Amino acid sequence: MILALNKTLGAKCPVCNENILTDFTPFEINYDCASVCDVCNKSFATIKKGRNGKYILSVECYICEETHNYEISQNALWKADLLAFGCHSSGIDICYIGDGAKVENALKRLDDTLDEMTGDMAADVIPEISDVMKQGLEIIDSIA
């Protein structure tokens, strides 16, 4: 079996919410590999070689604004087609590593999920805001 010598790290920028894809090789990780947002130039994810053949991934979370650290085995990093890493607080995925096309597809699915979640929240909040606005207008009418 031939291992691909390149992987893609995909994550959302915690500042501007853009999906960012960064390609890397084993040689780049020896000196730390950083994901930098193309839009706002924010550096928000790094992967570097750790101890005992393991790698350390650090990602600034777009959900809870904390930096999450993950330890990845050499086998998992270079053999897996797709690895997902979630926010420690919410459990929602914040980063993917793997084959470029699979990482891109995972980010698209994540965007769809987040859109559904925010759409559901908006549907719950809009009627409440509407009721408050109606009450406010009634009060203004009664004062006038």
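Since the model is a prediction, treat every value here as computed from it, not as a measurement.

Caption draft 1: Quick peek at the sheet that holds strand β6 (residues 67-72). Strand order in the open sheet formed by four strands is β3-β4-β5-β6, with antiparallel pairing between adjacent strands. Every interior strand has two partners, whereas the edge strands, β3 (33-36) and β6, have only one. The average undirected angle you get between the axes of adjacent strands in this sheet is 15 degrees. Here four bridges tie β3 to strand β4 (residues 43-49), and the two strands are oriented antiparallel to one another. Paired with S35 across the bridge in β4 is A45.

Caption draft 2: Looking closely at the sheet that holds strand β2 (residues 19-24). Strands sit in the order β2-β1-β8-β7 across an open sheet of four strands; the sheet is antiparallel. Every interior strand has two partners, whereas the edge strands, β2 and β7 (82-86), have only one. Going across the sheet, the axis of each strand differs from the next one's by a mean of 20 degrees, ignoring polarity. By the bridge criterion, six bridges tie strand β1 (residues 7-12) to β2 in an arrangement that is antiparallel. Directly across from T8, in β2, lies its bridge partner D23.

Caption draft 3: How the structure looks around the pattern of salt bridges. Evaluated as defined, the whole model comprises four salt bridges. In this structure, E71 and K54 form a salt bridge, with 4.0 Å as the shortest nitrogen-oxygen distance. Taken together, the positions of E71 in strand β6 and K54 in the loop between β4 and β5 (55-60) put the pair 17 residues apart, joining distant regions of the chain. Its relative accessible area of 31% is what places K54 among the partly exposed residues. Where D81 meets K102, a salt bridge forms, and the shortest distance between an N and an O atom there is 3.3 Å. One end of the pair, D81, is in the loop between α2 (74-79) and β7; the other, K102, is in helix α3 (residues 100-143), and 21 residues separate them in sequence.

Caption draft 4: Quick look at the confidence of the model for the chain. Per-residue pLDDT for the chain averages 83, and the proportion of residues at 70 or more is 78%. Taken element by element, the predicted model of the chain shows its lowest mean pLDDT in α3 (73) and its highest in β7 (97).

How each quantity is defined
Residues numbered from 1 in each chain as written. Predicted model: local features only at pLDDT ≥ 70, side-chain atom pairs only at ≥ 80, totals over all residues. Heavy atoms only, no water. Pairing = 2+ DSSP bridges. Helix = DSSP H or I, 4+ residues; strand = E, 2+ residues; numbered from the N terminus. Axes fitted to C-alpha atoms, helices over the stretch in contact; angles between N-to-C directions. Salt bridge = Lys/Arg side-chain N within 4 Å of Asp/Glu carboxyl O. Buried < 20%, exposed > 50% of the residue type's maximum accessible area, 1.4 Å probe, protein only. pLDDT = per-residue confidence, 0-100.

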